[in-house]
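The residues making up each chain are set out below.
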Amino acid sequence: MKRLGLLCCLLCYAALSFGQQKTVDSFTDGKYITVNGAKLWVVTVGEGDPLIFIAGGPGGAHPGLRSFDPLAASNHQLIYFDGFGRGKSDTAKVVSAYSLQRDIEDIEGLRKALKLSKVSLLGHSYGGLVAQGYAIKYPQNVSHLILANTFHSYVMWQENDDNSNHEIKTNYPEVWDELMKIREKGAVSSDDLHQEIYGRVPYAFLYAYNPDKFVSRGRKPYPNSMNTKLYYQMVGRDGDFYVGSDIGTFDFRKQLKDLKMPVLIIGGRFDRVATPWMMVKYKEYCPQARFVMFEKSGHNPQMEEPEKEFALINDFLKK
């Protein structure tokens, strides 16, 4: 979801030094790697088996995932990167260059550029779409697959929209009334005023079990932390109400059962975007996976129940 990049990115970044022996700075301690003709900013933490993290949005930069840093203490090399059009990486000359397929192929390009044989993937939110697509297309290159608070199909993403809007209408009627007034005049999600009004709903309302976990820490803003032009290119002009474009057509439901690598799927009981009633359908579509619902988390168990989630991931990666 868009606001994962807009708001949670820097909140999670506040925890980047937790559990590390050596602090790695997302601003300065990375390097550029050319992937499919674009320079991508890559930051690594720790040493050991490679684990690539894929950020959400679509359009979010990597600092929103730096709260996973404590995993490096268990002999994992954490590979964070700003995808094409995000953060410190190159941006496209035309927005039509952004696509789910491009993001999938960039994972393969990154793997080759880093000279890695097999990699583990952790895709969070939108990043889980990229991880699923990659694992389906390049299963021979995936050691372990972790799908965190993500979506299996356009049907689930539309439910994200519908549920979010229901919650806003019910709990923030004054915001909803303003939205309806401008929508009646022809405004759509990608319009600046529409984004401004929609953004008045606190991030934690839809995404958190404990809102105190998402209080801003006043960190320096990360460049291009959320590319809204990319977001609306991929979800459609009115993507906060009706999904279109790439997000309006993706569907992994029939292919997930064929994955042979170990798969871990993580959900949050209080997630109002990757809704639990749709998350549990992964048990049907990917029955061979281990499925865990975090009972005191929303969209980010890595922030709300980190010790439990990190222990689960470390145990899973041993398989």
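Preceding this section is the structure that the text describes.
What comes next is a walk through the structure. (Residues numbered from 1 in each chain as written. Predicted model: local features only at pLDDT ≥ 70, side-chain atom pairs only at ≥ 80, totals over all residues. Heavy atoms only, no water.)

**Description of the pairing of strand β8 (residues 290-294)**
Here is step 1: Most of β8 is tucked away: four of the five residues are buried.
Here is step 2: Examined bridge by bridge, strand β7 (residues 263-268) and β8 share five bridges and lie parallel to one another. Bridge assignment links Leu264 to a residue of β8, and that residue is Arg290. (Buried < 20%, exposed > 50% of the residue type's maximum accessible area, 1.4 Å probe, protein only. Helix = DSSP H or I, 4+ residues; strand = E, 2+ residues; numbered from the N terminus. Pairing = 2+ DSSP bridges.)

**Structural notes on the packing of aromatic side chains**
Here is step 1: Counted under the stated rule, the structure contains 17 aromatic pairs.
Here is step 2: Where Tyr134 meets Tyr138, the ring centres are 4.9 Å apart and the plane angle is 35 degrees; that geometry is what we call tilted.
Here is step 3: Relative accessible area serves as the criterion here: at 15%, Tyr138 is assigned to the buried category.
Here is step 4: Members of the aromatic cluster, connected to one another through ring pairs, are Phe53, Phe68, Tyr80 and Phe310.
Here is step 5: In this arrangement the basic side chain of Arg183 is found over the ring face of Phe241, its NZ or CZ atom lying 3.7 Å from the centre.
Here is step 6: Over the ring of Phe27 we find Lys220; its NZ or CZ atom is 4.2 Å from the centre of that ring. (Phe/Tyr/Trp six-rings, centres within 6.5 Å; stacked < 30°, edge-to-face > 60°. Lys NZ or Arg CZ within 6 Å of the ring centre and 35° of its normal.)

**As for helix α2 (residues 100-113)**
Residues spaced three or four apart along an α-helix point in a common direction, a consequence of the helix completing one turn every 3.6 residues.
Here is step 1: Taking 1.5 Å as the rise per residue, α2 with 14 residues should run 20 Å; its terminal C-alpha atoms sit 20 Å apart, in good agreement.
Here is step 2: Buried residues dominate α2, accounting for ten of its 14 residues.
Here is step 3: For α2, the set of buried residues is Leu100, Arg102, Asp103, Ile104, Asp106, Ile107, Glu108, Gly109, Leu110 and Arg111. (Expected span 1.5 Å × (residues − 1).)

**With respect to the side chain of Asp238**
Here is step 1: Mapped onto the elements of the fold, Asp238 is located in the loop between α8 (228-235) and β7.
Here is step 2: The exposure class assigned to Asp238 is buried, which follows from its relative accessible area of 14%.
Here is step 3: A polar contact of 2.7 Å, which involves the side chain of Asp238, links it to the side chain of Arg183.
Here is step 4: Of note is the side chain of Asp238, whose polar atom sits 2.7 Å from the side chain of Ser189.
Here is step 5: Discounting chain neighbours no more than four positions away, the residues touching Asp238 are Arg183, Val188 and Ser189. (Polar contact = N/O pair within 3.5 Å; in protein donor to acceptor, adjacent residues only side chain to side chain. Contact = heavy atoms within 4.5 Å.)

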